[in-house]
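Chain by chain, the residues:
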Amino acid sequence: MPAENSPPRPLTVVWFKRDLRLHDHAPLSQAAQAGTVLPLYVIEPEYWALPDVSYRQWRFWAGAIADLQQQIATLGGQLCLRSGAVVDVLSQLRADYGPFDLVAHQETGNAWTFARDNAVRDWCHRNGADFTEHQQHGIWRGAALDRNRWAKRWDAMMAAPLTPIPSDIDWARVTSDALPDAAALGLTDDGIVAMQSPGLAAARATLDSFLHDRGAPYQKAMSSPVSGETACSRLSPHLMAGSISMREVYQATLARQSAVAALPKADRGTWPSAMKSFVGRLHWHCHFMQKLEAEPEIEWLPMARIYEGLRPTPTDSSLLSAFEEGRTGYPFVDACMRYLRATGWINFRMRAMLMSFASYNLWLPWQQSGTVLARLFTDYEPGIHWPQSQMQSGETGINAVRIYSPVKQGYDQDPTGVFTRQWVPELAHLTGKALQDPWTLDALPKGYPARIVDHQQTAREAKQRIYGLRRTAEARSQSAAIFEKHGSRKPRDLRTRRKVAHTDD
Ligand SMILES: Cc1cc2nc3c(=O)[nH]c(=O)nc-3n(C[C@H](O)[C@H](O)[C@H](O)COP(=O)(O)OP(=O)(O)OC[C@H]3O[C@@H](n4cnc5c(N)ncnc54)[C@H](O)[C@@H]3O)c2cc1C
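All of these numbers come straight from a predicted model, not from anything done at the bench.

## Structural notes on the domain arrangement of the protein
Here comes step 1: The domain boundaries assigned to the protein delineate domain 1 (11-136), domain 2 (192-294) and domain 3 (303-503).
Here comes step 2: Listed by partner, the interface residues are 18 residues for domain 1 and 21 residues for domain 2.
Here comes step 3: Taking both partners together, domain 1 and domain 2 bury about 1700 Å²; carbon and sulfur atoms supply 60% of that area.
Here comes step 4: A per-residue breakdown of the area domain 1 buries against domain 2 is headed by His23, Phe60 and Thr108, which together make up 37% of the total.
Here comes step 5: In this structure, the connection of domain 1 to domain 2 is made through 1 salt bridge.
Here comes step 6: A salt bridge links arginine 247 to aspartate 24; the shortest N-O distance between them is 3.0 Å.
Here comes step 7: For the side of domain 1 that touches domain 2, the residue count by class is 5 nonpolar, 5 polar and 8 charged.

Following this line, the structure appears as structure tokens:
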């Protein structure tokens, strides 16, 4: 605290965004060194009205914000919560408390947050406020990006020491709004019944239980929704809200990797492969987000522009509704969708299968089905979501085309049928092969819809359409440029680029 009668110290506003924590928070550290700290979180009603955000996401965010409020209160401060457009909030703060500088983490969000950040930079420029944006993830902006050295720089950045919480912060005393409820933001209950707990303690407990207990079978168990629920880390919503930093997760993982390596070989079990695989996924987090950072248009345009308009918006919305409601007549697709609707999470393989089904079998534009999925994911992270959505739809120009068979995935990932029967109770009496292809029965089980397309025929047609374009000289030339801009430089990925179409039927 400053001595009595000392001149007022410079005021710095720490704008919390997708980084709802105090530890490993460089902007907070900078502000605390400079003088008085005003911690700000702005609830933006315009953001919460966007088509890709949802009630379940707000509930998780609200919990993470409340947790941050509590952490700041424990240190003697108060999080300043304000509702409205950020530039209006900044103008009001300036009118009430005088000039300040602004610090925040860089954000790789959707097009709306990108435009909002530009407006904030512009506001700072016009109002003579310094705005410093610190790098939060292994994602580089503009000219700072070097794809050839990306992985090395990621490792170095994540290995850097964590920034400690500053001691004895001089908190600004300001008024704060209350945290609104979902209804005040126009968000209505979307049927989520089991959601992960938000906040720092939950994030650390999740990391700890994964690294020391749940994660042993990770590499093999991650592909099935049955085993993946516990064997996957489940860190995604915490990383999205930034309650825990990627650096903290990475360093804890490396420490666990070393501890496992120090064990006698016979005691290591499956931990070495689990940890190696997990470290790879942590790189992917930023590798995918880097794509959206480098080219924000890929939120709505295919990376390979030759595919633009390939899947026209259908005039009939019945296919999209059946997909969204889990009533496609494909039991495993419907089980996955209903599980996702209830829990807000599903494992990677099943996300890929759902997108593949919507894009190849239903021939829906990924922008439409991707918006449906974005709303259902509590962990919606635009920088991962949109590049993955178009990758699973064959429109990136640099990845192998992979068409998942919804029937085979059911046999492989739910071999006993326990998951399908639980989430599609209309089929609870079925066992064996008929559970995944009930249309082969003499009569469809009561209450369960007929399949909306023939998956084998639609997969064949999709391949023809995609390959009709993919083999052209224009597609090849676009693909080379896309690889230069977005491609992973690992030899393994170069091999993947050369792979031909894959259908697991
Ligand atoms: C169509 C589609 C959409 C997706 N949308 C999202 C999204 O909105 N938000 C999101 O966090 N993930 C998304 N993913 C990636 C992946 O499915 C999730 O990160 C993962 O299932 C989250 O569970 P987990 O934390 O237990 O993952 P773990 O397997 O334990 O992985 C740990 C972390 O690594 C990162 N990661 C793992 N797999 C991937 C991947 N394939 N690509 C990029 N990063 C990865 C995530 O940050 C994840 O939390 C999407 C995948 C697909 C196919």
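## Concerning empty space enclosed by the protein
Here comes step 1: Scanning all chains against the criterion turns up 4 cavities of 30 Å³ or more.
Here comes step 2: Surrounding the largest cavity, 13 residues form its lining, Tyr41, Glu44, Tyr47, Glu107 and Arg116 being those nearest its centre.
Here comes step 3: At the level of elements, strand E1 (11-16), strand E2 (36-43) and helix H4 (111-127) are the ones that each hand at least two residues to the lining of the largest cavity.
Here comes step 4: Classifying every residue of the lining of the largest cavity by side-chain character gives 7 nonpolar, 1 polar and 5 charged.
Here comes step 5: Taken as a whole, the second largest cavity encloses approximately 110 Å³ of empty space.
Here comes step 6: Lining the second largest cavity are Lys17, Arg18, Gln106, Glu107, Thr108, Gln135, Gln136, His137, Ile139, Met289 and Glu381.
Here comes step 7: Residue composition of the lining of the second largest cavity, by class: 2 nonpolar, 5 polar and 4 charged.

## Here's the deal with the packing of helix H12 (residues 271-294) against helix H17 (residues 382-391)
Here comes step 1: Where H12 meets H17, the closest approach of the two axes is 7 Å, and the angle between their N-to-C directions is 85°. On the basis of the axis angle, H12 is roughly perpendicular to H17. Contacts between H12 and H17 involve His285, Phe288, Met289, Lys291 and Leu292 from the first element and Pro382, Gly383, Ile384, Pro387, Gln388 and Met391 from the second.

## Some points on the site of the ligand
Here comes step 1: Lining the immediate surroundings of the ligand are 26 residues, of which Tyr218, Ser233, Arg234, Trp345 and Asp379 lie closest.
Here comes step 2: Side-chain polar atom of tryptophan 345 to an oxygen atom of the ligand: 2.9 Å apart, as the coordinates give it.
Here comes step 3: In the model, an oxygen atom of the ligand is placed 3.5 Å from a nitrogen or oxygen of the phenylalanine 348 main chain.
Here comes step 4: Burial of the ligand by the protein amounts to 98% of the accessible area it has alone, namely 820 Å².
Here comes step 5: Contributing elements (two or more residues each) for the shell around the ligand: helix H9 (236-241), H12, helix H15 (348-361) and H17.
Here comes step 6: A per-class count over the shell around the ligand returns 14 nonpolar, 7 polar and 5 charged.
Here comes step 7: Inspection of the shell around the ligand shows a minimum of three residues originating in each of domain 2 (192-294) and domain 3 (303-503).

## Description of the sheet that holds strand E5 (residues 131-134)
Backbone hydrogen bonds are what pair the strands of a sheet, in a parallel or an antiparallel way.
Here comes step 1: A sheet is described by the order of its strands in space; here 5 strands give the open sequence E3-E2-E1-E4-E5, paired in parallel fashion. Strand pairing shows two members of the sheet lacking a second neighbour, strand E3 (80-83) and E5, which therefore form its edges. The average angle at which neighbouring strand axes cross in this sheet is 25°, direction not considered.
Here comes step 2: Bridge count between strand E4 (residues 101-105) and E5: 4 bridges; the pairing is parallel. If you follow histidine 105 over to E5, its bridge partner there is histidine 134.
Here comes step 3: Sheet strands touched by H4: E1, E4 and E5. Its angle to E5, the strand with the most contacts, is close to 145°.

Reading guide: rules and limits
- Residues numbered from 1 in each chain as written.
- Predicted model: local features only at pLDDT ≥ 70, side-chain atom pairs only at ≥ 80, totals over all residues.
- Heavy atoms only, no water.
- Domains from an automatic or database assignment.
- Contact = heavy atoms within 4.5 Å.
- Buried area = accessible area lost by both parts, 1.4 Å probe.
- Salt bridge = Lys/Arg side-chain N within 4 Å of Asp/Glu carboxyl O.
- Nonpolar A, V, L, I, M, F, W, Y, C, P; charged D, E, K, R; others polar.
- 1 Å grid on protein atoms, 1.4 Å probe; cavity = no way out; pocket = protein on both sides within 12 Å on 5 of 7 lines; lining within 4 Å.
- Points joined across faces, edges and corners; volume = space filled by probe spheres on them.
- Helix = DSSP H or I, 4+ residues; strand = E, 2+ residues; numbered from the N terminus.
- Axes fitted to C-alpha atoms, helices over the stretch in contact; angles between N-to-C directions.
- Parallel < 35°, antiparallel > 145°, perpendicular 65-115°, else oblique.
- Near = heavy atom within 4 Å.
- Polar contact = N/O pair within 3.5 Å; in protein donor to acceptor, adjacent residues only side chain to side chain.
- Areas by Shrake-Rupley, 256 points an atom, 1.4 Å probe, with all protein chains shown as cover.
- Pairing = 2+ DSSP bridges.

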